[in-house]
Amino acid sequence: MGRGAARSRGPPRLEWWLLLLLGLCGWTAALRGNDNSEALPESIPSAPGTLPHFMEEPDDAYIIKSNPIVLRCKAMPAMQIFFKCNGEWVHQNEHVSEESMDETTGLKVREVFINVTRQQVEDFHGPEDYWCQCVAWSHLGTSKSRKASVRIAYLRKNFEQDPQGKEVPIEGMIVLHCRPPEGVPAAEVEWLKNEEPIDSNLDENIDTRADHNLIIRQARLSDSGNYTCMAANIVAKRRSMSATVVVYVNGGWSSWTEWSNCNARCGRGWQKRSRTCTNPAPLNGGAFCEGMSVQKITCTSLCPVDGSWEVWSEWSVCSPECEHLRVRECIAPPPRNGGKYCEGVSQESENCTEGLCIQDIETASDIALYSGLGAAVIAVAVLVVGVTLYRRSQSEYGVDVIDSSALTGGFQTFNFKTVRQGNSLLLNSSMQPDLTVSRTYSGPICLQDPMDKELMTESSLFNPLSDIKVKVQSSFMVSLGVTERGEYHGKVHSGTFPHGNNRAFGTIQARNKATYIQNLSSISTTSELKTTAIFGHLGGRLVVPNTGVSLLIPHGAIPEESSWEIYLAITQKESSLQPEGPDVLLGPEVTCGPSEVAVSTPFALTIPHCAQVNSEHWNIHLKKRTQQGKWEEVMSVEEETTSCYCLLDPYACHILLNSFGTYALIGEPISDCAVRQLKVAVFGCLSCNSLDYNLRVYCMDNTPYAFQEVVSDERLQGGQLLEEPKLLHFKGNTFSLQISVLDIPPFLWRIKPFTACQEVPFSRVWCSSPKPLHCAFSLERYSPATTQLACKVCVRQVKGHEQILQIQTSILENERETITFFAHDDSNFPAQMGPKAFKIPYSIRQRICATFDTPNAKGKDWQMLAQKNSINRNLSYFATQSSPSAVILDLWEARHQHDGDLDSLACALEEIGRTHSKISDITETEVEEPDFNYSRQNGL
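The rules behind these values
Residues numbered from 1 in each chain as written. Predicted model: local features only at pLDDT ≥ 70, side-chain atom pairs only at ≥ 80, totals over all residues. Heavy atoms only, no water. Core = buried A, V, L, I, M, F, W, Y, C linked by side-chain atoms within 4.5 Å. Buried < 20%, exposed > 50% of the residue type's maximum accessible area, 1.4 Å probe, protein only. Contact = heavy atoms within 4.5 Å. Patch = residues over 30% accessible without salt bridge, like charges linked within 9 Å, V, L, I, M, F, W, Y side chains within 5 Å. Areas by Shrake-Rupley, 256 points an atom, 1.4 Å probe, with all protein chains shown as cover. Salt bridge = Lys/Arg side-chain N within 4 Å of Asp/Glu carboxyl O. Lys, Arg positive; Asp, Glu negative; His and termini not counted. Charge placed at Lys NZ, Arg CZ, Asp CG, Glu CD. Helix = DSSP H or I, 4+ residues; strand = E, 2+ residues; numbered from the N terminus. Pairing = 2+ DSSP bridges. Arc of directions from axis to C-beta. Disulfide = S-S within 2.5 Å. Phe/Tyr/Trp six-rings, centres within 6.5 Å; stacked < 30°, edge-to-face > 60°.

> What exactly am I supposed to notice about the nonpolar core here?
Soluble, globular proteins show a tendency: their nonpolar side chains are buried together. Of all hydrophobic cores here, the largest spans 71 residues; its most connected members are L551, L568, L695, L737 and V795. Residue contacts for L568: discarding those within four places in its chain leaves L529, K530, T531, L542, V544, V549, S550, L551, V590, T591, C592 and L605. Core analysis: the next-biggest nonpolar cluster, separate from the first, contains 30 residues, A837, V887, A894 and L905 among them.

> I tried to follow a negative patch on the surface on my own but got confused; where do I start?
On the surface, a cluster of negative charge is contributed by E633, E638, E639 and E640. Among the secondary structure elements, E638 is positioned in the loop between β41 (631-636) and β42 (645-648).

> Would you mind showing me how to read the pairing of strand β46 (residues 692-701) here?
A regular strand places its side chains on the two faces of the sheet in alternate fashion. Judged by how many residues are buried, β46 sits mostly within the fold: 10 of 10 residues are covered. The pairing of strand β45 (residues 675-686) with β46 spans nine bridges and is antiparallel. By the bridge assignment for β46, A681 is matched with Y698. In this structure, β46 lies alongside strand β52 (residues 773-781), joined through eight bridges in antiparallel fashion.

> Please clarify how the sheet that holds strand β13 (residues 174-176) should be interpreted in this entry.
Across a sheet, paired strands are connected by hydrogen bonds in the backbone, their directions being either parallel or antiparallel. Read across the open sheet, the three strands follow the order β13-β18-β17; overall the sheet is antiparallel. If you trace the sheet from one side to the other, it starts and ends with β13 and β17 (206-207), each paired once.

> In this structure, what is going on with unusual backbone geometry? I would like to understand it.
Peptide bonds are mostly trans, and most non-glycine residues show a negative phi. Cis geometry marks the peptide bond from M76 to P77; its omega dihedral reads -15°. Its place among the elements puts P77 in the loop between β3 (69-76) and β4 (80-85). In this structure, P185 follows V184 across a cis peptide bond, with omega equal to -10°. For N337, which is not a glycine, the phi torsion comes out positive at approximately 55°. Within the fold, N337 resides in the loop between β24 (323-327) and β25 (347-351). The phi dihedral of E561 falls on the positive side, at around 60°, and the residue is not glycine.

> Whenever I open this one, helix α12 (residues 902-912) confuses me. Can you help?
Owing to its 3.6 residues per turn, the α-helix aligns residues three or four sequence positions apart on the same side. By the burial criterion, the buried members of α12 are L902, L905, A906, A908, L909 and I912. The arc that holds every buried residue of α12, seen down its axis, measures 155°, which confines them to one face. If you follow the buried residues of α12, they end up packed against α8 (842-852), α9 (862-868) and α11 (884-895). Following α12 by one or two positions, G913 adopts a phi angle in the positive range, close to 90°.

> Please explain the pattern of salt bridges as it appears in this structure.
Proximity of charged atoms lets side chains of opposite charge pair with each other. Following the criterion strictly, the structure yields 21 salt bridges and no others. Here R110 and E99 are joined by a salt bridge, their closest N and O atoms 2.4 Å apart. Of this pair, R110 sits in strand β7 (residues 108-116) while E99 sits in strand β6 (residues 96-101); the two residues are 11 residues apart in sequence, bridging distant segments of the chain. Accessibility expressed as a relative area gives 46% for E99, which makes it partly exposed. R625 is paired through a salt bridge with E589; the nearest N and O atoms lie 3.2 Å apart. Of this pair, R625 sits in strand β40 (residues 618-625) while E589 sits in the loop between β37 (584-585) and β38 (590-593), placing them 36 residues apart in sequence. The partly exposed category is assigned to R625, whose relative accessible area is 28%. Under the relative-accessibility criterion, E589 is labelled buried at 3%.

> Mind showing me how you'd approach the state of the cysteines here?
The full count for this structure, using the stated rule, is seven disulfides. Each sulfur in the disulfide pair C85 and C132 lies 2.1 Å from the other. Of note, the bridge from C85 to C132 carries an S-S torsion of about 105° and is right-handed in sense. Taken together, the residues C85 in strand β4 and C132 in strand β8 (residues 130-137) connect sequence positions 47 residues apart. Of the two residues, C85 and C132, both sit in the buried class. Across a sulfur-sulfur distance of 1.7 Å, C266 and C303 are joined as a disulfide pair. Disulfide C266-C303: the torsion about the S-S bond is 75°, which places it as right-handed. One end of the pair, C266, is in the loop between β21 (243-248) and β22 (267-274); the other, C303, is in the loop between β23 (294-301) and β24, and 37 residues separate them in sequence. In this structure C303 comes out as partly exposed when scored by relative accessible area, which is 35%. No disulfide involves C699; its nearest neighbouring cysteine sulfur is the one of C775, lying 7.2 Å away. Judged by its relative accessible area of 3%, C699 falls in the buried class. With no disulfide of its own, C794 lies 8.2 Å from the sulfur of C757, the closest cysteine sulfur.

> Whenever I open this one, the pairing of β52 confuses me. Can you help?
By the criterion of burial, β52 is predominantly enclosed, with nine of the nine residues buried. By the alternation rule, side chains of β52 split into L773, C775, F777, L779 and R781 and H774, A776, S778 and E780, which are all buried. Direction of pairing for strand β50 (residues 749-751) relative to β52: antiparallel, over a ladder of three bridges. Directly across from W749, in β52, lies its bridge partner R781.

> Would you explain the packing of aromatic side chains in this entry?
Two aromatic rings are characterised by how far apart their centres lie and by the angle between their planes. Counting across every chain of the model gives 15 aromatic pairs. Judged by centre distance (5.7 Å) and plane angle (35°), the rings of W89 and W137 are tilted. Of this pair, W89 sits in strand β5 (residues 88-89) while W137 sits in strand β8; the two residues are 48 residues apart in sequence, bridging distant segments of the chain. By relative accessible area, which is 19% here, W89 ends up buried. Centroid distance F730 to F762: 5.6 Å. Interplanar angle 15°. Geometry classified as stacked. With F730 in strand β48 (residues 726-731) and F762 in helix α7 (residues 762-766), this pair connects stretches of sequence that are 32 residues apart. No difference in accessibility class separates F730 from F762, as the two residues are buried. Through a chain of ring-to-ring contacts, the aromatic side chains of W618, F730, F762 and W766 assemble into a single cluster.

> What exactly am I supposed to notice about a nonpolar patch on the surface here?
Nonpolar side chains collect at one region of the surface, where L369, Y370 and L373 lie side by side and expose about 360 Å² of accessible area between them. With respect to the element layout, Y370 can be found in helix α3 (residues 364-394). On the basis of relative accessibility, which here comes to 57%, the residue Y370 falls in the exposed class.

> It is not clear to me how the environment of V680 should be interpreted in this structure. Could you clarify?
Inspection of the secondary structure assignment puts V680 in strand β45. Assessed through its relative accessible area of 0%, V680 is described here as buried. Residues V680 and C699, 19 residues apart in the sequence, show an inter-C-alpha distance of 4.8 Å. The residues touching V680, leaving out its near neighbours within four places in the chain, are V697, Y698, C699, P725, K726, L728, V795 and L805.

This is how it looks when you write it as structure tokens:
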């Protein structure tokens, strides 16, 4: 039974294999036919196994330009895979097939590739996009993949809608519309502000997700700028026209001031109060305040009543001194309401005996008084003579000690007077000293400020100062029980000094050696560092001579038909600004005014500083003194603000401001690597004792003002600059400063033992600004025949920077050759008005502003002008100005007041591509034309 059943199942299985073989033959013949052959069957006879499973299906693709795309398909198990595109089988020759075996299942894996060209897609004209599909066969049947569409990618050139510029009030909403060009695939949109991408994820106030539009919910001043819509897909990128957005501020009134006093001193008058449109002030074309700025009301003042004398009283009874008197009062009427007091005396006296009264002058008490005073005077005179004679007889033993520790902070100074025979302090005892010469060895003393504390010796090493007493007491006299004191008083000397900067000194050959000596005779001794001039609409420049401090008032900053007397001054007295902790004052305290001057465009104030500029080590602040005398912070140099602008150069800070006042730079060290630049200078002069020579070493801020203060003081003392000043980088790492004198010729000169090196604590150096640190050394010659001095002065910070100054000089005035000090000398032109004050001619300046103030789609506008002039920070400040290019050029004028390098500015303009001619090629006629116009306007 079972066998018969087995036999009956045999023939059908044979038939199935025959049908399968016939089907495969027909399928192979179909594939080998031409393109017009019959379509492949959708399925083949089924067989035991598994349907094909697609491991990778063809993806949608885009043809870029003329580059064909590759479609791939991968299935398992698969005997064959073929592509069908737009309902038609792709020819077998166009397939690239790869076959492998799956290691896990042992099933056959087949992968097929085809190329689709741009021509094929363009030639297809169907109701839908060009598409392709994979068909895979296995023993069990067929499987079909998803349809993959193939499209030609493109992006049109023109935007369907460009963003439009707007002017919106502050805190208003800004909506910029953008419809990108048509393209396949659809373009993605990105917004740029001033050529920088906008990231809405970093600013919650900005939304760029709404249908490609840019929405700023509440406009801020910093949102002013040029906005560009950028569209891009896989083919290309397109830029829209730039839209300029201006955020303006409408003016608001401040509070009313208090009512003024009645203008009439007597009777009917008026009083007024005022307010200003500064709360806030209108910006960027905002509306001015509506209403009156001044109110007046009538008032009545009580008239003053002058006082008048009443009649004299009766004469009094005659006194023992033979006088009687009478009085009167200012009560008829008394003065009221500010009236004048009575003129004359309120009491009179006269002799009441008509000259017959005689008084006893010498009473017994008077005689005793006068006798006592005479005896006291005689006793004091005898005592003085006795002390003087005793000192002369004992002068060869004494050692005078000057206790100046109160002035020097612990540094002791000693005066050693040589004994007449066998002084053991001499380096060469075989040399016999000149017994006719009194020799004084004065050791070094370190002073915080030579204008406040000075060393007082017999040789007048330093000038005495007011309000300071240095008491000199002989220790030998103290041991005998006799006290003798000398008190010294003096005055402070001040003056103006030569200009200096980082390039203040040059190398000059004099007698075959480099000698850097200041021509001190040319320095002015004017005590007031202040410059004043009258400025009008044409503007100008003020300079405090030789200090590095200047003020630039742009053309048009002062309204037409008005003028102001403007001043620029440096505070010379002790500054009221006291930095806290490790903060230091980096430059002079500068005042410009008057404060009531209102300018329409920012002016430029230049203040020198002594910091080594590095934002990682310093945080530098600008501070302003209020009318109440307090100091408030205006801004940090690295801060982004639209109220003012600070540009920090290596040796000066240029500040754009809208209001006059008193300003100062404060440095906050934020690491131990913060460097304060000190200028080290050595001066020398002969003392009253012809064998002594004094060396004075100064460590001062590396600013022209600090150096000229030292030079002026040395001029008063007869000092000479012995060597080129050098720059010392003093770090804020709490390590002290050491100053020493080295390599003194041993048989020609000597210095007191243990005083050749002095150490100054860190805090006294770091916090000494603006006063210079000062150390003094006294050297002595063995013989008057020695006229040359050669030694080294070493100034170093422990574990820090070191400078060595080579001293080689003649100590005699007639042998020393004085060489003029070279620097930018601006003392001849402290004030310049009109076009002569500016390096860029006004006509050229107008053309530059007209060119760069206009927004440009290629980015060649005022922002590029700022970048080419190394202005890369806080550009929002310039965006708020009516003419950003003009303010940038004002900043350029402030930075180049000495060199005026117009050629570099012309090169920058050529790099931008907006001009093709150098400013330096301007003819002399063009440059002089504004001066001629200025002369005509002023009637010259």
